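Survey of secondary and tertiary structure
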Amino acid sequence: MTRRPRPVPHRHRARRRVAGLATLAALAVTAPMAATVGSSAATPGAPSVFAPQLVTVDTPDRADRTRLQKLGLDLTEHAGHDYVEVVLHTAAERAALRAAGFTYDVRIENLVERGVEIAEINEAYAASVDVSPLPSGRDSYRVLADYVADMTALAADFPGHVRMFDLANPTLDGNTVHAIEIGADVDKPASGKPTFLLMGLHHAREWPSGELAMEFATDLAQSFGKDKQITRMLKKARVLVVPVVNPDGFDLSRTDGEYVDLRALNDTGADPLGGSTTILATPGQAYKRKNCRVVDGQDIPDGSCRATLASPGGFGLGVDLNRNYGGFWGGPGAAGTFPNPAEVDTGFLDPTYRGASAFSEPETQNIQTLVRERQVTMMISNHTFSNLILRPNGVAPTTIGPDGNPVGNAPDEKGLKALGAKMAAQNGYLNQNSWQLYDTTGTTEDWSYNATGGFGYTFEIGPDEFHPPFPHVVDEYLGAGEHEGRGNRAAYLLALQHTIDTSQHGVIKGKAPKGATLRLRKDFESPTWESSFEDFLDSTITVGKKGRFSWVVNPSTRPLLQSRPIEKLDDEPFAGETIEGGATEPVVGTVDHEYVATEDSDVLRINLDWSTPDDFDLEVYRKDASGELVEVGTSGNAPGEKEEVQVFDAAKGTYVLRVVNYASVSPSYTLEVGQYASRSTFTDGAREKYTLSCEVGGKTLASKKVFIDRGQVKRFNLKRACR
């Protein structure tokens, strides 16, 4: 992965005025999240409360990044070759980071104060312009009601090519999730055009992700019939935009994340510190990440999501929606329901909590339904931040998957990478695999791509912050500097062009009775990391008056079944050692053994075995140039389970194998150390077919199995069979 320059820490002062005594009631609740700031030292006796911070954590290699993921901290999507940025919400989290031996730099010392500064910048920008250069002319971030109003207005203003509709499931807090569809004749039944799905705000705090989605919808609506390129594409495709996937979380982040300055109360004498010090108070929801799930499997009373106020930073409760999709759900990079001492995640309170099961949440079920019912040949999920274009897969190619083989690269890696590069040339982002940021499973594009074959990407918008000053949103959409006039607008247009490129998709065409319904269905098992669930795709079109149809579809064989390149380990190690250990003291007694690797290896594997059905753990360290021990792997299985650590891309050097007697009475143990090389090979591929059926009056009159690949055209005459 190309090394990205480290960000420059912000230095800032902030002031904000608010009027009225109405804030006092809120302050009774928000006081725990108050932070003392100002241009001079705090007044003696002023409260000293840890302010949420954005820090840049040093991660010299992939093992450090993996170890950081296991601390249960709030990792951002901003990372480089040797760092990951993390939001620290509490002093306890800062202590956990230090206790784990990580070094870091503080980039934004006080996110509360920074939020106030951003609000002031936004106010100044709005006052300085009549309208922004954005298609909508907006000069400030939308709130939830603004999104609904803007979608409603677009559908009313452009009834021939814009329609608004509600997704199937209301949220836990009772909100409706709205979508907007753009294309020629959207008021008519689907006739076989492919779909481009654009989404925002899976994560509540990532405000620009919704803004850019909404601006693109506005852009397309206004440009149809005026811009030749856009008009041509919209005659061949449907564009679905869901700007706010997670309205519950976003509404809290956007509204409860506002700030007040108690100095506004000076004239009333209500300032508890007598007007001598700035006190910024916030309910702490500005950096909320997840949805409003409180207890797995249980709904909450509508309007009660604000009860999650006690959650530090608004992230402790809820499900991370971008870990809840079915694509390898339950694997690396997503926390389970219960705390895992071996992984050090915090269970359902972890920022990456994946939910009770794949698609357990109404928000992800909504997107699942959209993808199932459409031929989504292109999908982009917007997020912030890091200026990245991420593509499947979410875990490293060498990771052993549920089928016992390395996951490998996506079968369409070459095409995914090439399109990513074209889009990155427009917005200046880094084009890379998702796993190069860090491991993730249960993400939107990992499920949609592996279930449908339609290309899918995550855009991490902006270089520095979750919701930066609004002028940055303008620049991200329209481009700035060397990318001025292009930006994400141009990248989205390339994605739309891919949507209709039939050399990348299949085409089923032919004749059928006019008005008949053609259905393309496929039932299958989608794998999670440990099992699978029943899944399906089921899309329909209506045959036109001329009795002809042309249907752009994704390939019938899912990527999971296609042959893919993998790196497979040799059966035997090329170097290694067997180490016998004697008795150790129970209750966390430890013994260190050294192993010197004289050559690099693709995998260094260490197995710990012992005779009794109790509990040892294993920790593996590598000595750095200064002789310091750097942890590269751990294994802490349940009692009775043996321990194994695999270190991938293991450099030559000295490794320390630490045997931890957690609760064992074994008189001895054995360490088997092996260094393995890998070889490139391919998995066995399989072909998969759709069932194409023709229905009249609700009755299925004909059906047949159809195999179709990328770039293929299949013709069928169904007129006689479907009478």
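Residues numbered from 1 in each chain as written. Predicted model: local features only at pLDDT ≥ 70, side-chain atom pairs only at ≥ 80, totals over all residues. Heavy atoms only, no water.

**Here we look at the overall build of the chain**
Across its full length, the chain holds 13 helices and 32 strands. Evaluated residue by residue, the chain yields a buried proportion of 56% over its 723 residues. A separation threshold of at least 6 residues defines the contact pool for the chain, and within that pool the share at least 24 residues apart is 80%. Summing over all exposed atoms, the chain offers an accessible surface of approximately 28900 Å²; the carbon and sulfur share of this is 51%. (Helix = DSSP H or I, 4+ residues; strand = E, 2+ residues; numbered from the N terminus. Buried < 20%, exposed > 50% of the residue type's maximum accessible area, 1.4 Å probe, protein only. Contact = heavy atoms within 4.5 Å. Areas by Shrake-Rupley, 256 points an atom, 1.4 Å probe, with all protein chains shown as cover.)

**A closer look at the sheet that holds strand β15 (residues 455-460)**
The strands that make up a sheet are held in pairs by hydrogen bonds between backbone atoms, and each pair lies either parallel or antiparallel. Reading across the sheet, the eight strands line up as β6-β7-β9-β8-β12-β15-β13-β14 and stay open at both edges, with mixed pairing between neighbours. Looking at strand neighbours, the two that pair on one side only are β6 (162-166) and β14 (430-433), the edges of this open sheet. Between one strand axis and the next, the sheet turns through 20° on average, direction left out of account. Taken strand by strand, helix α5 (residues 144-157) contacts β6 and β7 (178-182), and its axis lies near 135° from that of β6. Contacts from helix α6 (residues 207-223) reach β6, β7, β8 (195-199), β9 (238-242) and β12 (376-383) within the one sheet, and its direction differs from that of β8 by about 140°. (Pairing = 2+ DSSP bridges. Axes fitted to C-alpha atoms, helices over the stretch in contact; angles between N-to-C directions.)

**What about empty space enclosed by the protein?**
Applying the stated rule across the entire model yields five cavities of 30 Å³ or more. In this structure, the largest cavity spans a volume of roughly 130 Å³. In terms of lining, the largest cavity is formed by 14 residues, of which the most central are E77, N322, L390, T440 and E460. (1 Å grid on protein atoms, 1.4 Å probe; cavity = no way out; pocket = protein on both sides within 12 Å on 5 of 7 lines; lining within 4 Å. Points joined across faces, edges and corners; volume = space filled by probe spheres on them.)

**Structural notes on the sheet that holds strand β28 (residues 669-676)**
Strand order in the open sheet made by the four strands is β21-β28-β23-β26, with antiparallel pairing throughout. Looking at strand neighbours, the two that pair on one side only are β21 (575-581) and β26 (643-650), the edges of this open sheet. Averaged over neighbouring strand pairs, the angle between their axes works out to 10° when direction is ignored. Both β21 and β28 contribute to a ladder of seven bridges, which runs antiparallel.

**Concerning the confidence of the model for the chain**
Mean pLDDT over the chain works out to 86, with 87% of the residues at or above the 70 mark. Across residues 1-48, where pLDDT falls below 50, the model places 106 contacts with residues more than four positions away in sequence or in other chains. (pLDDT = per-residue confidence, 0-100.)

**Topic: the environment of G674**
Along the chain, G674 falls in strand β28. We classify G674 as buried; its relative accessible area is 4%. The spacing of G674 and A597 is 77 residues in sequence and 9.7 Å in space, taken between C-alpha atoms. For G674, the contacting residues outside a window of four places in its chain are P573, A575, G576, V603, L604 and R605.

**Observations regarding the state of the cysteines**
In this structure the tally under the stated criterion is two disulfides. In this model, C292 is linked to C305 through a disulfide, with the two sulfur atoms separated by 1.5 Å. Across the S-S bond of C292 and C305 the torsion is about -65°, and the bridge reads as left-handed. With a gap of 13 residues between them, C292 in the loop between β11 (278-281) and α9 (362-373) and C305 in the loop between β11 and α9 connect regions that are remote in the sequence. The residues C292 and C305 share a single accessibility class, namely buried. Shown here is the disulfide that connects C694 with C722, its sulfur atoms set 1.8 Å apart. Between C694 and C722 the disulfide shows an S-S torsion of about -85°. By sign, it is left-handed. Here C722 lies in the segment after β32 (713-717) and C694 lies in strand β30 (residues 690-696), a separation of 28 residues in the sequence. (Disulfide = S-S within 2.5 Å.)

**Observations concerning the packing of α6 against helix α13 (residues 487-500)**
α13 packs onto α6 with a crossing angle of 70° between their chain directions and a minimal axis gap of 11 Å. Taken together, the axes of α6 and α13 lie roughly perpendicular to each other. The chirality of how α6 crosses α13 is right-handed. Contacts between α6 and α13 involve L212, F216, D219, L220 and S223 on the former and, on the latter, N488, R489, Y492, L493 and L496. (Parallel < 35°, antiparallel > 145°, perpendicular 65-115°, else oblique. Left-handed = near helix turned anticlockwise from the far one by under 90°.)

**Quick notes on the pairing of strand β18 (residues 532-542)**
Bridge count between strand β17 (residues 517-527) and β18: eleven bridges; the pairing is antiparallel. Counterpart to L518 in the pairing with β18 is I541.

**A closer look at the nonpolar core**
Ranked by internal contacts, the top residues of the largest apolar core, which has 54 residues, are I380, M423 and Y457. By residue number, the principal contributor to this core is α6, which donates eight residues. Counting 23 residues, the second-largest nonpolar core is a separate cluster that includes F165, L240, M379 and L537. (Core = buried A, V, L, I, M, F, W, Y, C linked by side-chain atoms within 4.5 Å.)

**A short note on the packing of aromatic side chains**
Summed over the entire model, instances satisfying the criterion amount to 15 aromatic pairs. Taking 5.9 Å as the distance between ring centres and 75° as the angle between the ring planes, the aromatic pair formed by F359 and F533 counts as edge-to-face. Pair noted here: F359 is in the loop between β11 and α9 and F533 is in strand β18, with a separation of 174 residues, a long-range link. Here F359 and F533 have matching classes, each one buried. Taken together through their ring pairs, the aromatic side chains of F196, F216, Y429, F459 and Y492 make up a single cluster. One cation-aromatic arrangement involves R67 over F102; the distance from NZ or CZ to the ring centre is 4.2 Å. Positioned over the ring face of Y147 is R142, at 5.6 Å from the centre of the ring. (Phe/Tyr/Trp six-rings, centres within 6.5 Å; stacked < 30°, edge-to-face > 60°. Lys NZ or Arg CZ within 6 Å of the ring centre and 35° of its normal.)

**A word on α5**
Over its 14 residues, α5 extends 20 Å from the first C-alpha to the last, a length consistent with the 20 Å expected when each residue adds 1.5 Å. All buried positions along α5 are accounted for by L144, Y147, M151, L154 and A155. Buried residues along α5 cover an arc of 95° about the axis, so they all sit on one side. The exposed residues of α5 that point more than 90 degrees off its buried face are A145, A156 and D157. Each element contacted by the buried residues of α5 is listed here: β6, β7, α6 and α8 (247-256). (Expected span 1.5 Å × (residues − 1). Arc of directions from axis to C-beta.)

**Some details on helix α10 (residues 413-427)**
Compared with the 21 Å implied by 1.5 Å per residue over 15 residues, the 21 Å span of α10 between its first and last C-alpha is a close match. Turning to α10, its buried residues number three or more, namely E413, L416, L419, G420, M423, A424, Q426 and N427. The buried residues of α10 occupy one face: seen down the axis, they fall within an arc of 145°. Exposed side chains of α10 directed beyond 90 degrees from the buried face belong to K414 and K422. Of the residues one or two after α10, G428 is the one with positive phi, at around 80°.

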